[in-house]
Amino acid sequence: TNRVSTISSQVEIIEGCRLPVLRKNQENEDEWPLAEVLSVRDLPRTPLYYVHYIDFNKRLDEWVTPDRLDMKKLQFPKKEARTPPKNGLPGSGPGSPERDVSASAPSRGKTLPAPVYPALRDPSFSSTPREQHQPLAALTTVNIPLNHLTHMWRAWFLLVCGKQKLITFFVSWKNGSTRRLIPPQPGRKRKTCGGTDEDSQDSSDGIPSAPRMTGSLVSDRSHDDIVTRMKNIDCIELGRHRLKPWYFSPYPQELTGLPILYLCEYCLKYLKSLKCLQRHLTKCNLRHPPGNEIYRKGTISFFEIDGRKNKTYSQNLCLLAKCFLDHKTLYYDTDPFLFYVMTEYDSKGFHIVGYFSKEKESTEDYNVACILTLPPYQRRGYGKLLIEFSYELSKVEGKTGTPEKPLSDLGLLSYRSYWTQTILEILMNLKPENGERPQITINEISEITSVKKEDVISTLQYLNLINYYKGQYILTLSEDIVEGHERAMQKRHLRIDSKGLHFTPKDWSKRGKW
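Keep in mind it's a predicted model, so treat the numbers as computed, not measured. (Residues numbered from 1 in each chain as written. Predicted model: local features only at pLDDT ≥ 70, side-chain atom pairs only at ≥ 80, totals over all residues. Heavy atoms only, no water.)

**What to know about the nonpolar core**
Link 1 in the chain: By size, the foremost hydrophobic cluster in this structure holds 76 residues, and its most contacted members are Phe-302, Leu-320, Tyr-355 and Phe-389.
Link 2 in the chain: For this core, the leading source of residues is helix H5 (residues 409-429), giving eight residues.
Link 3 in the chain: When residues no more than four places from it in sequence are discounted, the contact partners of Leu-320 are Ile-236, Leu-238, Tyr-251, Leu-263, Leu-268 and Leu-374.
Link 4 in the chain: Listed in part, the 16 residues of the second largest apolar core include Ile-13, Val-21, Ala-35 and Val-37. (Core = buried A, V, L, I, M, F, W, Y, C linked by side-chain atoms within 4.5 Å. Buried < 20%, exposed > 50% of the residue type's maximum accessible area, 1.4 Å probe, protein only. Helix = DSSP H or I, 4+ residues; strand = E, 2+ residues; numbered from the N terminus. Contact = heavy atoms within 4.5 Å.)

**Here we look at helix H2 (residues 274-283)**
Link 1 in the chain: Buried within H2 are the following residues: Cys-276, Leu-277 and His-280. Around the axis of H2, the buried residues are gathered within 100 degrees of arc, so they sit on the same side. Along H2, exposed side chains directed more than 90 degrees from the buried face belong to Lys-275 and Thr-282.
Link 2 in the chain: Contacts made by the buried residues of H2 are with strand S13 (261-263) and strand S14 (270-271). (Arc of directions from axis to C-beta.)

**Here's the deal with the packing of helix H6 (residues 442-449) against helix H7 (residues 453-462)**
Link 1 in the chain: One can describe the packing of H6 onto H7 by two numbers: an axis separation of 9 Å at closest approach and a directional angle of 115 degrees. It follows from the interaxial angle that H6 and H7 lie roughly perpendicular. Our pair here, H6 against H7, has a crossing hand that is right-handed. From H6, Ile-442, Asn-443, Ile-445 and Ser-446 reach across to H7, where they touch Lys-453, Val-456, Ile-457 and Leu-460.
Link 2 in the chain: Taken together, the residues of the contact of H6 with H7 break down into five nonpolar, two polar and one charged. (Axes fitted to C-alpha atoms, helices over the stretch in contact; angles between N-to-C directions. Parallel < 35°, antiparallel > 145°, perpendicular 65-115°, else oblique. Left-handed = near helix turned anticlockwise from the far one by under 90°. Nonpolar A, V, L, I, M, F, W, Y, C, P; charged D, E, K, R; others polar.)

**Topic: the pairing of strand S17 (residues 337-346)**
Link 1 in the chain: Taken across its 10 residues, S17 has eight buried, putting it largely inside the fold.
Link 2 in the chain: Bridging between S17 and strand S18 (residues 349-359) involves 10 bridges; their strand directions are antiparallel. In the sheet register, Phe-337 faces S18, and the bridge partner there is Glu-359.
Link 3 in the chain: In this structure, the hairpin formed by S17 and S18 is closed by a connection of two residues. (Pairing = 2+ DSSP bridges.)

**A word on the packing of aromatic side chains**
Link 1 in the chain: As enumerated under the stated definition, the model contains 17 aromatic pairs in all.
Link 2 in the chain: Centroid distance Tyr-53 to Phe-56: 5.9 Å. Interplanar angle 55 degrees. Geometry classified as tilted.
Link 3 in the chain: On the basis of relative accessible area, Phe-56 is assigned to the buried category, the value being 1%.
Link 4 in the chain: Arranged with centres 4.7 Å apart and planes meeting at 50 degrees, the rings of Tyr-345 and Phe-350 form a pair that is tilted.
Link 5 in the chain: Within the aromatic cluster, the residues linked to one another by ring pairs are Tyr-295, Phe-302, Tyr-340, Phe-356 and Phe-389.
Link 6 in the chain: When the ring centre of Tyr-53 is taken as origin, the NZ or CZ atom of Arg-23, which lies over that ring, is 5.3 Å away.
Link 7 in the chain: It is Arg-41 that lies over the ring of Trp-63; its NZ or CZ is 4.1 Å from the centre. (Phe/Tyr/Trp six-rings, centres within 6.5 Å; stacked < 30°, edge-to-face > 60°. Lys NZ or Arg CZ within 6 Å of the ring centre and 35° of its normal.)

**Re the UniProt feature "active site" (unreviewed entry) in the protein chain**
Link 1 in the chain: Per the UniProt entry, the sites bearing "active site" (unreviewed entry) are Glu-404 in this numbering.
Link 2 in the chain: Summarising the element assignment, Glu-404 is placed in the loop between strand S21 (402-403) and H5.
Link 3 in the chain: Since its relative accessible area comes to 2%, Glu-404 is described here as buried. (UniProt positions renumbered as here; feature names shortened; annotations may be inferred.)

**Brief notes about the side chain of Lys-360**
Link 1 in the chain: Tracing the backbone through its elements, the reader meets Lys-360 in the loop between S18 and strand S19 (366-368).
Link 2 in the chain: Here the side chain of Lys-360 touches Asp-306 through a polar contact of 2.7 Å, side chain to side chain. (Polar contact = N/O pair within 3.5 Å; in protein donor to acceptor, adjacent residues only side chain to side chain.)

**Some thoughts on a positive patch on the surface**
Link 1 in the chain: A contiguous patch of positive charge, built from Lys-269, Lys-275, Arg-279 and Lys-283, is present on the exposed surface.
Link 2 in the chain: By secondary structure assignment, the location of Lys-269 is in the loop between S13 and S14.
Link 3 in the chain: Residue Lys-269 is classed as partly exposed on the basis of its relative accessible area, which comes to 40%. (Patch = residues over 30% accessible without salt bridge, like charges linked within 9 Å, V, L, I, M, F, W, Y side chains within 5 Å. Areas by Shrake-Rupley, 256 points an atom, 1.4 Å probe, with all protein chains shown as cover. Salt bridge = Lys/Arg side-chain N within 4 Å of Asp/Glu carboxyl O. Lys, Arg positive; Asp, Glu negative; His and termini not counted. Charge placed at Lys NZ, Arg CZ, Asp CG, Glu CD.)

**A look at the sheet that holds S13**
Link 1 in the chain: Read from one edge of the open sheet, four strands run S12-S11-S13-S14, paired in mixed fashion. Either end of the sheet is taken by a strand with one partner, and the two such strands are strand S12 (241-243) and S14.
Link 2 in the chain: Of the pairings in the sheet, the one linking strand S11 (residues 236-238) to S12 comprises three bridges and is antiparallel in character. Of the residues in S12, the one forming a bridge with Glu-237 is Arg-242.

**Focus on the confidence of the model for the protein chain**
Link 1 in the chain: On average, the protein chain scores 75 in pLDDT, and the residues at 70 or more come to 68%.
Link 2 in the chain: In the predicted structure, residues 1-8 sits below a pLDDT of 50 and forms eight contacts with residues beyond four places in sequence or in another chain.
Link 3 in the chain: Low pLDDT, under 50, characterises residues 88-218; the predicted model gives this stretch 294 contacts beyond four residues in sequence or across chains. (pLDDT = per-residue confidence, 0-100.)

**Thoughts on the state of the cysteines**
Link 1 in the chain: The full count for this structure, using the stated rule, is zero disulfides.
Link 2 in the chain: Not engaged in a disulfide, the cysteine Cys-264 finds its nearest cysteine sulfur in Cys-267; these two sulfurs lie 3.6 Å apart. (Disulfide = S-S within 2.5 Å.)

Shown next, in the form of structure tokens:
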């Protein structure tokens, strides 16, 4: 520690520097990943450095002390060559801001532009039409013997997609082999792959094959700066929970220096102190989100909130959600959106668990704009319940839907799991008719589930179920796939009961104003 302090006193660490930083991994072991210094805070005793771990999700960013820095491998930001302006006009350079920093010039506290990440200039995210994207890359497979299979699956299914026939069947040979998907191992790092942004891994995973970067709430990363790349709220108290935000959220500046930001869990109003919150609760008459309760089963309820009629609540909800969603931007104009808030009921009222928003009119068949389960309720099945509810609304509307892209890493995992379970559930429940193989089309699966056809096909491709056999496309379900699906369904206790839904869709296109 003394040596580090001596070195750091001789060399001034500035914003934009990169060096290894000590942190604990998921196994509580020490590791030294490369990190970038985003900000420096001078304190009387020792400076603090706000660092972003390269190739890690931004929610792991934190303030660190000098004793956690490996000064021997310090890298100063390099001065980049500027792109000459086109037609003499400024701002015609790269889409991302440039780092123009010398090793000795800047003083501490100077705000620097965000560094250039190659992923932000990936042409597939900007100008390439969806139809011109390349097909999905083949997934990693291995050949495994099937001598461990003890019986023959006798179910055969015929799928017709356009002019191509996909024959689906369970197979088991005494001698021979088949191909089985090796799923990507979940890791602590979120590395960029194939030109994707570090906080949105869905573009390289195959669902969907070509994510679109357009939409109502997609964040324009080219306008990132040091301020918005740093968490500005230390802690949020929401009801009986205290939440540690993951990302920046544009709460008023005077609230960002508080040790705890207090929120009313019913109207989501933000307050600066516990005394202010207690005073507010004596005046707040809400014990549930505003709007209409359109679903109830047991202690779970869903409320539909119109972004125009309940503008203040909707804006407060967006501010809270932005603390945990980095890939979306925040719109104060909430008029074009509907918000569906999931709550859990007890004797004190309806407590917010999560929500999703959707456009009143979507030209891209989006049935979800933003979706979030609050951290205290994550890994308990609520995320999948939100997704299931969004598709239940699409069924009532008579439409197929898809979530707006890009998805966050956690959102992608939830959607991929939901699509997999939903499609496999349909295939495994099909029964022979009149001694013949049951038949179903991709379009029929889409109509039954309200999952968009492209998501159905890409899910089958992700699971590596489609193969080419004797001139036909066949879909093979191995025993591993079946057993894995049965285990997953046994753990899935929370389901939407359509009988508890009281929802009448509105035709927003015929309304003069939202």
